[in-house]
Structures are given as structure tokens and as C-alpha cells.
Amino acid sequence: MSEQSTDLRETVRRRYAAAAVQVTEGGTACCGPAPVETDENLGPTLYAADERDTLPAEAVAASLGCGNPATVADLNEGERVLDLGSGGGIDVLLSARRVGPTGRAYGLDMTEEMLALALANAAKAGATNVEFLKGAIEAIPLPASTIDVVISNCVINLSTDKPAVFAETFRVLKPGGRIGVSDVVADDTLTPEQRAERGDYVGCIAGALSFAEYRHGLEAAGFTAIEITPTHPVADGMHSAVVRAVKPFTAPPIGEADRPRPGSR
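Remember, it's a predicted structure, so these values are computed and weren't measured experimentally.

Peer 1: How would you sum up the packing of aromatic side chains? Please name residues and give values.
Peer 2: The relation between two aromatic rings is expressed through the spacing of the ring centres and the mutual angle of the planes. Evaluated as defined, the whole model comprises two aromatic pairs. For the pair phenylalanine 166 and tyrosine 214, a centre-to-centre distance of 5.4 Å together with 50° between the ring planes defines the contact as tilted. Of the two residues, phenylalanine 166 sits in helix α7 (residues 162-172) while tyrosine 214 sits in helix α9 (residues 211-221), which places them 48 residues apart along the sequence. Like phenylalanine 166, the residue tyrosine 214 is buried in the burial classification. The interplanar angle of 90° and the centroid separation of 5.2 Å between the aromatic rings of phenylalanine 170 and phenylalanine 223 together place this pair among those described as edge-to-face. Of this pair, phenylalanine 170 sits in helix α7 while phenylalanine 223 sits in the loop between α9 and β7 (224-235), placing them 53 residues apart in sequence. Neither phenylalanine 170 nor phenylalanine 223 differs from the other in exposure class; each is buried. Sitting over the ring of tyrosine 106, arginine 104 keeps its end group 5.9 Å from the ring centre. A cation over a ring is seen here: lysine 247 above phenylalanine 170, with NZ or CZ 4.8 Å from the ring centre.

Peer 1: So what about the environment of glycine 85? Which residues, and what values?
Peer 2: Position of glycine 85 among the secondary structure elements: in the loop between β1 (80-84) and α5 (90-99). Once the C-alpha coordinates of glycine 85 and isoleucine 151 are considered, the two residues, 66 residues apart in sequence, prove to be 9.2 Å apart. Contact partners of glycine 85, with chain neighbours within four places excluded, come to Leu108, Asp109, Ile137 and Val155.

Procedures and definitions
- Residues numbered from 1 in each chain as written.
- Predicted model: local features only at pLDDT ≥ 70, side-chain atom pairs only at ≥ 80, totals over all residues.
- Heavy atoms only, no water.
- Phe/Tyr/Trp six-rings, centres within 6.5 Å; stacked < 30°, edge-to-face > 60°.
- Helix = DSSP H or I, 4+ residues; strand = E, 2+ residues; numbered from the N terminus.
- Buried < 20%, exposed > 50% of the residue type's maximum accessible area, 1.4 Å probe, protein only.
- Lys NZ or Arg CZ within 6 Å of the ring centre and 35° of its normal.
- Contact = heavy atoms within 4.5 Å.

Shown next, in the form of C-alpha cells:
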């Protein structure tokens, strides 16, 4: 990893560690934890009120995502789900309910403070089918072909090695497994420099891929049935988007992944 990449990762780690500490230490007996500061495009407001009301207040307050991936992933009873960059655990806890007692929801995060908060939230929620792992999303600490669904909420854009994230996601998924990700995606007309003008890296803007770059990265890793659907703007030419893709049961013929699909973005 380059020095610049290392510095960016440490900046991201410090930002989310501070967010976890803010939630953990900002609570009061009468009012609950102080939410992490976000705008209308990020955070707890992207979840339905009935979902927020059934979760520990600390899990909701720590939400920094740009969507609700547990719903777009169309989870089923008995499935094994992995959340990349699980933070305070909101998406893991929601996923655990959807997959039920015969399923399992894993959360992966590199930040000790967020992992501690997530474990506390899981205990408050009484969730017994969850497990939180420490590690990087570029090197997932799980065996190959063991996960049915990978979700993530506005985290992949923070990685400095997105090809590694896509490759690792593909590796841990079972054949036929799928991803349901919320992430920030840029218009194809925006250069990396223009994306950086709209927001910084830790704010989920400067590191975002374009629609074409995202699609190419997933195809290069082996994914098929790729859909990237913008949901709402987060900056000029930058969108929160739902990303879906499938790990095929058999590898596509050489060159098949690079063929454009008509009508897709």
C-alpha cells in the first residue's frame, strides 16, 4: 500500500473512531445518544421510522450511510449475510432479523471503537445470530464461498483499493450469491479531480467511482447481472446508488464480462 493510501485509510479510521466515541460518550439518561452530524442525504433518516424505533438508539445515532442495503438485498430466512464496514451495527441488526434464527449476519469493520459499539448494540438488541469481525474490506477474514449476500452502506467508496474489495467480495460469496450495496457513485462525465472538488475523501465523495468504473470493477472481479441505480443526489453529479450483482454459478466465457449491456448504465 502506498504512503498516500495508508494516510487516507488512517484518516478514515480516525473519522469513524471519533464518530463511535461521540455516540458512546454523548448519551444522556433522558435524551439518548447524540447522533453523529450528517445532512439529509446521509444517516438515520434513510431508514423507515418503524425500523429505527425497534433498534438500540446508539445503533441509529451511529448511522453514517447513504442508503438502506438490508432492504435492497432482498434477504431471506436462513441466509448468511456480510456487511462490509458495519460501523455501529445498524445494518447487521436489521439483516439478522430478516435472515432469522437459522441465518447469520456478520459485520466487518477496521475500527476498534465501532466494533465495541456494535457489540454493545447487539447485546442491547438481544441479537444472537450476529458476529462482528475486525479487519479490512480489502482482505475479508472469512473462508471462500461461505456467504450468501454481501451488503455495504456507503463504505466501498472509502477504500483506496476497490479492485481488492470487489475481488474479496466475489471470493467469499457462494456461487449464485449476490451483493446489495448502497454507495456513492459519480456521473461518468466527472473526472476524479472534479469529484474531489465536490467533497473530501472521508466525506464519501472524492473516492467515489463513476458508474462506468463501478461496473467495470465488478465485471473484472467476475460479477454478472450488474445493476447500478441512482436513488438520490448527494452532490452535483454525485449520487447515492443501489448496486446489485451476482456471482455466477459458473465463470463466464473469456471476454463475456467486458461486453456492454444495452440499456444499462
